[in-house]
Amino acid sequence: MSVRVRWLGHATTVLDVAGVRVVTDPLLRRHAGVLRRRGGRAPRASDWRGADVALVSHLHHDHAELGSLRLLGPVPVLAAPTSAHWLAAHGLHGVGLADDEWWRWPGTDVRVRTVPAEHGHRPMPHRPNAATGFVVRGDGTTVWFAGDTGPFPGLARVPELAGAPVDVALVPVGGWGPRLSGGHLDPLEAARVCASVGARVAVPVHWGTLHAPASRRLPPGWMDRAGRAFEAAARRVAPDVEVRVLEPGDVTEVRAAP
């Protein structure tokens, strides 16, 4: 029993669990609005093709990129109810989840529910501003995808809401510039959060991928720092959490706890 995790950059991961392929915050093209993907290349289609369901944590353009969502085909797109309504109005199969509602993939034990996130900075006048994380359970494993969030005490409730210990935390540790706005986790905050939820394995996401065109004038190397900074912070404040730093396209497998 295990879950296979492939990171495609930014907040996009592909989870293969019990025969179901889940894609988080799909960003499958070379850009997200004005932001550009590092290296100018989109993820390989073979890495995400065959998705069964997508999770959208919130509707900022780098997390709900409509062109990428349409590439997946007519799959269910799980989101907060207001976000799902907006997605459905834009031609997608939006499925809204109430706070305590589990969604199940038919014929399997794979289940998904939302968990709290706080990401109220940079509100959008033209899209709903709900933000959420997700828990994915199946094949004896539990994955927490944090979405975008700042630190707040409610994150410690993730295992309780999941009904199981967290085997894998997909935790944001950066952004698309050298300075984070509010509503995000920096590497140290992310490590503390992983300790508070008792994550067994943590994969840092939301770093080293996107930049604004002006980034060519910013300090060199800033895109490379957050992943390893999170790893170093976890050694100090979350020594029981195994950190796996991936490069875009890399895959790791986490087996269920004995």
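Predicted, not measured: the structure shown is a model, and the values here were computed from it.

Draft legend 1. Looking closely at helix 3 (residues 81–89). Regarding helix 3, the residues found buried are S83, A84, W86 and L87. Down the axis, helix 3 shows its buried residues gathered within 160° of arc, on one side only. Exposed and oriented more than 90 degrees from the buried face of helix 3 are H85 and A89. The inward-facing, buried residues of helix 3 contact helix 2 (66–71), strand 7 (76–79) and strand 8 (93–96). G91 sits one or two residues past helix 3 and shows a positive phi near 85°.

Draft legend 2. Seen up close, the packing of aromatic side chains. What the rule picks out here adds up to 2 aromatic pairs. An angle of 15° between the planes, with centres 5.5 Å apart, marks the rings of W7 and W207 as stacked. With W7 in strand 1 (residues 2–7) and W207 in the loop between strand 14 (201–205) and strand 15 (210–211), this pair connects stretches of sequence that are 200 residues apart. Exposure class is identical for W7 and W207. Each is buried. Between W103 and W105, the aromatic rings sit 5.8 Å apart at their centres with planes inclined by 50°, giving tilted as the arrangement.

Draft legend 3. The arrangement of helix 6 (residues 225–237) in detail. The terminal C-alpha atoms of helix 6 lie 18 Å apart, and with 13 residues this matches the ideal 18 Å at 1.5 Å per residue to within 8%. The secondary structure elements touched by the buried residues of helix 6 are strand 13 (168–172), helix 5 (187–197), strand 14 and strand 16 (242–243).

Draft legend 4. Broad picture of the side chain of S2. Within the secondary structure, S2 is located in strand 1. At a separation of 2.7 Å, a polar atom in the side chain of S2 contacts the side chain of E253.

Draft legend 5. Region of the structure containing the pattern of salt bridges. Tallied over the entire structure, the rule returns 10 salt bridges. Note that E65 is salt-bridged to R29, the shortest N-O span being 2.7 Å. Note that E65 is positioned in the loop between strand 6 (53–55) and helix 2 and R29 in the loop between strand 3 (20–24) and strand 4 (31–32), a separation of 36 residues in sequence. Given a relative accessible area of 8%, E65 falls into the buried group. Across the pair D47 and R44 runs a salt bridge, and its minimum N-O distance is 3.0 Å. Residues joined by salt bridges that share partners form a network here, namely R4, D16 and R21.

Draft legend 6. The sheet that holds strand 14, seen in detail. Pairing is mixed in the open sheet, where 7 strands are placed in the order 9-10-11-12-13-14-16. The two strands at the open ends of the sheet, each matched to only one other strand, are strand 9 (103–104) and strand 16. Summarising the sheet, strand 10 (residues 111–116) and strand 11 (residues 132–138) pair through 6 bridges and their orientation is antiparallel. By the bridge assignment for strand 11, V115 is matched with G133. Helix-sheet contacts for helix 5 involve strand 12 (141–145), strand 13 and strand 14, and the interaxial angle to strand 13 is about 155°.

Draft legend 7. Expanded view of unusual backbone geometry. Within the chain, H10 stands out as a residue other than glycine whose phi angle is a positive 50°. Checked against the element boundaries, H10 lands in the loop between strand 1 and strand 2 (13–17). At A18, a residue that is not glycine, the phi angle is positive and equals roughly 55°. Within the secondary structure, A18 is located in the loop between strand 2 and strand 3. Residue classification places A18 among the partly exposed residues on the basis of a relative accessible area of 34%.

Parameters at a glance
Per chain, residue numbering runs from 1 following the sequence as it is written. Per-residue local features are limited, in this predicted model, to residues with pLDDT of at least 70; the limit for side-chain atom pairs, both in listing and counting, is 80 or more; totals at the level of whole chains, interfaces and linings are taken over all residues. Side-chain numbers come from the whole structure's heavy atoms, not from hydrogens or water. Throughout this description, buried means an accessible area under 20% of the type-specific maximum (1.4 Å probe, protein chains only), exposed means over 50%, and partly exposed covers the range between. Secondary structure is summarised from DSSP: a helix means a run of H or I of at least four residues, a strand means a run of E of at least two, and numbering begins at the N terminus for each. The directions from the helix axis to the C-beta atoms form the arc being described. Residue contacts are counted whenever heavy atoms from the two residues lie within 4.5 Å of one another. Pairing of aromatic rings covers Phe, Tyr and Trp, the last through its six-membered ring, and needs centres within 6.5 Å; plane angles under 30 degrees mean stacked, over 60 mean edge-to-face, and all others mean tilted. Helix span is expected to be 1.5 Å times the residue number reduced by one. Any pair of N or O atoms that falls within 3.5 Å is considered a polar contact. Within protein, one atom must be able to donate a hydrogen and the other to accept it, and sequence-neighbouring residues count only if both atoms are side-chain atoms. Here, a salt bridge means any side-chain nitrogen of Lys or Arg that lies within 4 Å of a carboxyl oxygen of Asp or Glu. Pairing between two strands requires that DSSP report at least two bridges joining them. Axis lines are fitted through C-alpha atoms, for helices just across the contact stretch, and the angle between N-to-C directions can take any value from 0 to 180 degrees.

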